[in-house]
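Summary of the model geometry
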Number of protein chains: 2
Amino acid sequence: MKRIGSKVLMLCTAMGFGLSAAGTALGAETLDDVMKRRGLTDKDILAAAKTYVPTGKRDEYIAFSSGGQSGQLIVYGIPSMRILKYVAVFTPEPWQGYGFDDESKAVLAQGRINGKDINFGDTHHPAISETNGVYDGQFLFINDKNNPRIAVVDLHDFETKQIVVNPIMKSDHGGAFVTPNTEYVIEASQYAAPFENGFVPLEQFNEKYRGAVTYWKFNRETGRIVPEESFSVELPPYSQDLSDFGKGPSDGWSFTNSFCSERYVGGIERGRPPFEAGCSQKDTDFFHMVNWRKAAELVKAGKAKQINGHNVITMDTSVAEGILFLVPEPKSPHGMDVSPDGKFMIVSGKLDSHTYVYSFDKLMGLINAKDYAGKDPYGIPILDLKKSLHTQVQVGLGPLHTQYDSKPCVAYTSIYVDSQVTKWDYCEGKVLDKISIHYNIGHLMTMEGDSVTPQGKYLVSLNKLAIDRFNPVGPLHPQNHQLIDISGDKMQLLYDMPLPLGEPHYAVAIAADKLKPGIRYKSGWNSREDKRSAFRTRPGREKVERKDGVVHVYGTTIRSHITPEIIEVEEGDTVSVHMTNLERAEDETHGFAIYGTNVNLSLEPGKTASATFKAERAGVFPYYCTEFCSALHLEMQGYLLVKPKGYQATAAKGAEGTVYSKADYDKQHKTNVETQAVIDSVVAYITARNYQDFAPVVALVEDATDQLNFAADAKKKSDEFAAKEDWQNATLWAGQWWQYQVKAADIGLRAKTFLDQNGAKVVK
Amino acid sequence: MKRIGSKVLMLCTAMGFGLSAAGTALGAETLDDVMKRRGLTDKDILAAAKTYVPTGKRDEYIAFSSGGQSGQLIVYGIPSMRILKYVAVFTPEPWQGYGFDDESKAVLAQGRINGKDINFGDTHHPAISETNGVYDGQFLFINDKNNPRIAVVDLHDFETKQIVVNPIMKSDHGGAFVTPNTEYVIEASQYAAPFENGFVPLEQFNEKYRGAVTYWKFNRETGRIVPEESFSVELPPYSQDLSDFGKGPSDGWSFTNSFCSERYVGGIERGRPPFEAGCSQKDTDFFHMVNWRKAAELVKAGKAKQINGHNVITMDTSVAEGILFLVPEPKSPHGMDVSPDGKFMIVSGKLDSHTYVYSFDKLMGLINAKDYAGKDPYGIPILDLKKSLHTQVQVGLGPLHTQYDSKPCVAYTSIYVDSQVTKWDYCEGKVLDKISIHYNIGHLMTMEGDSVTPQGKYLVSLNKLAIDRFNPVGPLHPQNHQLIDISGDKMQLLYDMPLPLGEPHYAVAIAADKLKPGIRYKSGWNSREDKRSAFRTRPGREKVERKDGVVHVYGTTIRSHITPEIIEVEEGDTVSVHMTNLERAEDETHGFAIYGTNVNLSLEPGKTASATFKAERAGVFPYYCTEFCSALHLEMQGYLLVKPKGYQATAAKGAEGTVYSKADYDKQHKTNVETQAVIDSVVAYITARNYQDFAPVVALVEDATDQLNFAADAKKKSDEFAAKEDWQNATLWAGQWWQYQVKAADIGLRAKTFLDQNGAKVVK
């Protein structure tokens, strides 16, 4: 029979052969064996080699994809196609505490519509902030089609910081896209509706229903949109669709396409043909050109009308001031893509087989010459299609969206009905290559493909149907993003990636090294407001305070306890718990959840988050850390006791569950002394080596030092009780001292392993 | 200038060179080139080859992982480690319509605690239903630690069907696990609390706070848990942890371990050592052995006490009847794993370096001989540790959870502090191999590793920290599941998989071919109740009906329109929209969202879902399909018009947005006739081949036939209006006729491509 529960033995084991026995040898199977067994071709192996990212290595690009009706933002790596994070944007998500802590509830509350909480969104188009037309990796904007809103995500911590509600629209689509220096974020409406919030009968569709584009002013210093400096331009009730901003020569203009310029109103239940028929009858729709820079000046000059407290430039003003023009475009388009040099606008209509390449020079020539082909029913000048085209290219059935390559003049267009991607030359107007995808591609994405410096290399096909591509998981299928190698002349399909939650519509990808996210917050940080929290708590200063009828709990979390461990309130109290995570170590997030209350906080290192709730009924409510943070994570718990009103405690003290003697104390003390010797040997091992050359080890040593300081504090308490011959408390504090030793040992061993595996050298 | 907007040309293009031009040639880069460029080793390529799943191929195993504080269930494929689906369980999730349609709101409402909506869960342990101890792939059960609940997911459609709230616990942990024939699902408490819901002071912890195990009766016919046939066994206030059911010789028993058998109550803010110290002081805790089969008989015999309307067998009864025993186990354990043959129970304590292998034979010998080592403070017999052990094995620092291999006697144990997996022999009691993971592994999973027929091959390490493994995404890191090849003698690390949402705790994997999920529902199906919906609607029977003060809208969705397209109600009305998806084609899901109302339905083929809301204020509320379902998806829209109370419509009819002439009609008609000729040629192409040998093509032909029938209906309408010389309606219906033709062509072309790529043959 081996010795049971020997604490010292345990550590010695780890120091000895435990680590050295780690197996890394390969199995006997060769690559050929594996290919044969799994039925893989040479092409498959090449694709695998192009996408596989070994442990600890990084992806080249980071993609940000909308999450559709999930209301979220999806972050994944390219070429591995591994999803790294779902960022909660419009929908509450408890893992992130989003919509569960007071701080993020305040962000969601900004997104209320007519005072109503809206707890989801239909995210469509994310946009990364730009500097001089180049992605700078600082911020991300994303729209909600269903409840016209724009959210701001800070890429320093990948958190949603702000939601703004469009004051005049009832749905949107053509956003978010940014100006080359991110002065403005565009949002275009989708389904025409009255600007006012009241009822207007559909009989007044032509007269009272309207579209619009909104230009949201972004303040880069504060990282927030400034609604009062934002404005909209009124548009006809054509269903506006996608947008893009000009760049280079076309900077100062924005472009927004449309469908249903027929202004058809359906009513199949009244015997009318459905919208789909009436909205696709004409051969062409219109795209809108807006001189946004001049529009901003008009607003400053007081020429905007106030609607719902918002600056709106009416169509009459736009026409009078010459800032709005219409250009015929292929019917039912879904893509408005300005070329990297800003000279061309490429549009595809899903019911046409061509992409149309417009010349900005020609468009401006027509505008400057006031050479109009006519006016629409609202008096907006229409430019002639033929006169404004650079070329048209027959790319396939159902062309949709175009993205650019690093190679000049090379573009890729998604072909919905054919389920293909067409590579083509928009200068020469010729098709270069085609590849089949699976199935029915919507948007596509090249690397930094809508910036002024597209990077080529990879293309992702955002397919709308997966059908048979994956193992079946019921009637509701995942989406499928297919990775395509575009580095050569011929496109090569590399990888099928299921999207397990939400239907992405649009995605943008940035070179991974441009992102510099933080790994911790300054201690006591309110991450949603980006400032020190008024409720932050320092270690040892935890307290419970009744103020203005609210019981405020100022608490902390650290491996492996929550302070306070017992919270007592009265039935009917409003309780506001503020938790500060005292950790500094990377990835040492704690959670905090209370039974039956909907309280769940995600406390990343340094963060302070709060939860306010009503203690509706008397009872016992366990709480605990919801992130497996340490060996004693399960013991990281506490009790919220809600006492009946006026409850008087009896004097009786509960019996100890277990009583400890001097012998228990001596045994624990001996263990700790022996454990310390082991730790000292690990410390000696580390400090004898050039550990300071390894940043991760420096962080581990810092963390281990913290733990050893905590151990010293606990030892002191244990010693004091031992001096008083209080063996109960002396033993328990000695146990706590040992807990800190275990944490220090865990960290120290991880540091030692890192040094061993990364060729650290003995220094003198 | 090329011909613009030619509808027929578009289809001809696709028929001609459009498809044949699809590029599949490889780039010039060789495997060596790629390895060099990407810095990959031979070992990396081998790992890539073992995990890469080419497009259209399937994974071997499907893993079901808990989603922690996300409240969801995560489904992924092995070996590709691609996430296939997040199944919404305890948290509302709009993509799935979960918590947004009336049917799923009713499921979530079952999970209310004391009448309060609980909108998240902390899912920990999923379990797949078993038949004779073998996974059968029919149902999945998962627990919520924070609000003690169990949910039932039907693996036919991967939807959550039921939530049951534990009537006596205030937190849980040791569930869900099932009996070998899924008669019962076990749920064990975690943090001790009073069974009653009121306040009990902590001073009465030893006397009034209790743990328990609940045995939920499952009815496989109805696919639901039957609360009234379920029962609990009262346990001491030791923090119960994980559970497992016996099998084979140990069938009839359940095993539940514990920590904090010290019954320590913390209070760091009162100067006491924290829970973590007081709960880890003793060298051993206890696991509980319960004879659940005899317990069930006792309940039937009326020996249970009713607490909160639930059957509870008290400790006194358990002791008197001999159904409850305690066995010392290594301190702070986190795993209770019965061997596949049911002869051994393996337990690891995180603060011991050994795994303990208990012999069921020896345990029963002691019980039968009434050979007790003592009794705990509640009178429960304690069996002697040494007498019940088969062996102890020193596996490393912080052992936690054990899973089994297909090879006899081979097990794998996760080692938390060492960050390793140890492979060992539990018959012989020796270590076989170790592998390092990154970092701090919690549970681990082998394929069907807790069934009676574990399959070996792969092991997944569910790590608690990712730290530096992935591209950084801010202070909150993804989790990391590492795939390990266990087919050879030495374990080999294959793949790092980030978990982008939630913190998984436990996972189970089943051979993929055992799952047989459906791809559509019977038409008009209420999927949450698994029966025809009372609100189902057949095509042509759409209607709006006011009944009992509620406006019921019976609508349908099909590519590409919603019927009705205009819904009129009055301010203050309660509106209940019932949508039936008429589609039968795989993956043809439609969505239905209304501006500003929190309405979002996910309508998989055949499903009927409903949303009930109050039309609080007059206004115009666009609605639309939220799934990109077809080329004309954006046009799949409508308007909810909420009229002010007592609003009287004026007689004035709105002007048509666009007026069509006979010339327009003739043009459209000509296009349609030409298009039909193209479609006929596609049909001829398909039917000349052995398409009936290809199930996916048969499905496509069926779908295309539907579309052509719809086209014929629209043609008939167009013809009728043309006969009346109503060119407006004749043109529009001709447009709709063409829309159906485009859908048929889309499907037909996909079928043609499939036949071309899969070697179909001409059958004269």
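Throughout this description, residue numbers start from 1 for each chain and increase along the sequence as written. Each chain takes a letter, starting from A, and each ligand takes a number, starting from 1, following the order in which they are written. Selection of residues for local features in this predicted model requires a pLDDT of at least 70, selection of side-chain atom pairs for listing and counting requires 80 or more, and totals for whole chains, interfaces and linings are taken over all residues.

Some words on the nonpolar core
- Here a nonpolar core is just a set of buried residues of the types Ala, Val, Leu, Ile, Met, Phe, Trp, Tyr and Cys, joined wherever their C-beta atoms sit within 7 Å. Residue burial is a threshold on neighbouring C-beta atoms within 10 Å of the residue's own C-beta, all placed from the backbone, with 20 or more meaning buried, 12 or fewer meaning exposed, and counts in between meaning partly exposed. Formed by 438 residues in total, the largest nonpolar core has its most connected members in Val153(A), Val185(A), Val153(B) and Val185(B).
- Residue pairs are scored as contacts if the distance between their C-beta atoms, which are placed from the backbone, is within 7 Å. Not counting chain neighbours up to four residues away, the residues in contact with Val185(A) comprise Ala127(A), Phe141(A), Ile150(A), Gly175(A), Ala176(A), Val178(A), Trp216(A), Phe218(A) and Ile225(A).

A closer look at the interface of chain B and chain A
- Contact with chain B, which involves 223 residues of that partner, is made by 223 residues of chain A.
- Ranked by the residues each element gives to the side of chain B that touches chain A, the list is headed by helix H13 (residues 727–757) of chain B, at 10 residues.
- Split by residue class, the side of chain B that touches chain A holds 105 nonpolar, 70 polar and 48 charged. Helix and strand assignments come from DSSP, with helices taken as H or I runs of at least 4 residues and strands as E runs of at least 2, each series counted from the N terminus. Three residue categories are used. Nonpolar comprises Ala, Val, Leu, Ile, Met, Phe, Trp, Tyr, Cys and Pro, charged comprises Asp, Glu, Lys and Arg, and polar comprises the others, including Gly.

Concerning the sheet that holds strand E38 (residues 566–570) of chain A
Residue and element names in this part refer to chain A.
- In space, the five strands of this open sheet follow the order E38-E44-E43-E40-E41, with mixed pairing throughout. The sheet terminates laterally at E38 and strand E41 (599–603), the two strands that pair on one side only. Strand-to-strand twist in this sheet, taken as the mean axis angle between neighbours without regard to direction, amounts to 15 degrees.
- Pairing between two strands is assigned when DSSP locates at least 2 bridges connecting them. Taken together, the two bridges between strand E40 (residues 590–594) and strand E43 (residues 619–624) define a ladder with antiparallel strand orientation. By the bridge assignment for E43, Ala593 is matched with Tyr624. In this description, a line fitted to the C-alpha atoms serves as the axis of each element, helices being fitted only across the stretch in contact, and the angle between N-to-C directions of two axes falls anywhere from 0 to 180 degrees.

A closer look at the packing of helix H12 (residues 695–723) of chain A against helix H13 (residues 727–757) of chain A
Residues and elements named next belong to chain A.
- Their axes nearest at 8 Å, the elements H12 and H13 cross at an angle of 165 degrees. Taken together, H12 and H13 sit at an angle that is classed as roughly antiparallel. Crossing hand, H12 versus H13: left-handed.
- Of the residues assigned to the contact of H12 with H13, the class counts are 21 nonpolar, six polar and five charged. Any angle that falls under 35 degrees is termed roughly parallel, while one over 145 is termed roughly antiparallel, one within 65 to 115 roughly perpendicular, and all others oblique. By convention the crossing between two helices is left-handed if the near helix lies anticlockwise of the far one by an angle smaller than a right angle, and right-handed if it lies clockwise.

With respect to the domain arrangement of chain A
- Segmentation into domains, and thus their bounds, comes from an automatic or database assignment. Domain assignment breaks chain A into domain 1 (61–150 + 161–263 + 270–514), domain 2 (525–643) and domain 3 (662–757).
- Spacing between the C-alpha centres of domain 1 of chain A and domain 3 of chain A amounts to 57 Å.

Some points on helix H7 (residues 292–300) of chain A
All names here are of chain A.
- Among the residues making up H7, those that are buried are Trp292, Ala295, Ala296 and Leu298. One face of H7 carries all of its buried residues, which in axial projection span an arc of 155 degrees.
- Just downstream of H7 lies Gly302, where phi reads positive at about 80 degrees. Taken from the helix axis, the directions to the C-beta atoms give the arc we talk about.

Some words on the relation of the copies chain B and chain A
- Residues reaching a pLDDT of at least 70 in both copies supply the C-alpha atoms on which the copies are superposed by least squares. Once turned by 180 degrees and shifted 0.0 Å along the axis, chain B lies on chain A with an RMSD of 0.1 Å. Such a combination of turn and shift is consistent with a two-fold rotation axis. Measuring from the rotation axis to each C-alpha of chain B, the shortest distance belongs to Ala48(B), at 2.8 Å.
- A high fraction, 100%, of the interface residues of chain B reappear at the interface in chain A, so the copies pair face to face through one surface.

Regarding the confidence of the model for chain A
- Taken as a whole, chain A shows an average pLDDT of 94; of its residues, 96% reach a score of 70 or greater.
- Residue-level confidence of the predictor is what pLDDT reports, using numbers from 0 through 100. Contacts from residues 1–27 of chain A, a stretch scored under 50 in pLDDT, to residues over four places away or in other chains number 65 contacts.

Some words on the environment of Leu582(B)
Residue and element names in this part refer to chain B.
- Here Leu582 lies in the loop between strand E40 (574–581) and strand E41 (590–594).
- Spatially, the C-alpha atom of Leu582 lies 27 Å from that of Gly56, the residues being 526 residues apart in sequence.
- The contacts of Leu582, once residues within four sequence positions are left out, are Pro539, Thr556, Thr557 and Ile558.

Quick notes on the pairing of strand E17 (residues 310–313) of chain B
Residues and elements named next belong to chain B.
- Pairing geometry for strand E12 (residues 231–235) and E17, over three bridges, is parallel. When the bridges of E17 are listed, Phe231 appears paired with Asn311.
- With three bridges joining them, strand E16 (residues 305–307) and E17 adopt antiparallel strand pairing. Bridge pairing links Gln306 to Asn311 in E17.

What to know about the sheet that holds strand E25 (residues 399–404) of chain B
Residue and element names in this part refer to chain B.
- The strand order across the open sheet formed by four strands is E25-E26-E27-E28, and the pairing between neighbours is antiparallel. Strands at the two margins of the open sheet, each flanked by one partner only, are E25 and strand E28 (430–436). Going from strand to strand, the sheet's axes swing by 25 degrees on average, the running direction of each strand aside.
- Bridge analysis of strand E26 (residues 410–415) against strand E27 (residues 420–425) gives six bridges, and the strand direction is antiparallel. Paired with Thr413 across the two strands is Thr422, which belongs to E27.

Thoughts on the pairing of strand E19 (residues 344–349) of chain A
Residue and element names in this part refer to chain A.
- Burial of E19 is extensive: six of the six residues sit out of reach of the surface.
- Burial along E19 is two-sided: Phe344, Ile346 and Ser348 and Met345, Val347 and Gly349, pointing in opposite directions, are all buried.
- Relative to E19, strand E18 (residues 333–338) runs antiparallel, the two sharing four bridges. Bridge pairing in E19 links Pro333 to Gly349.

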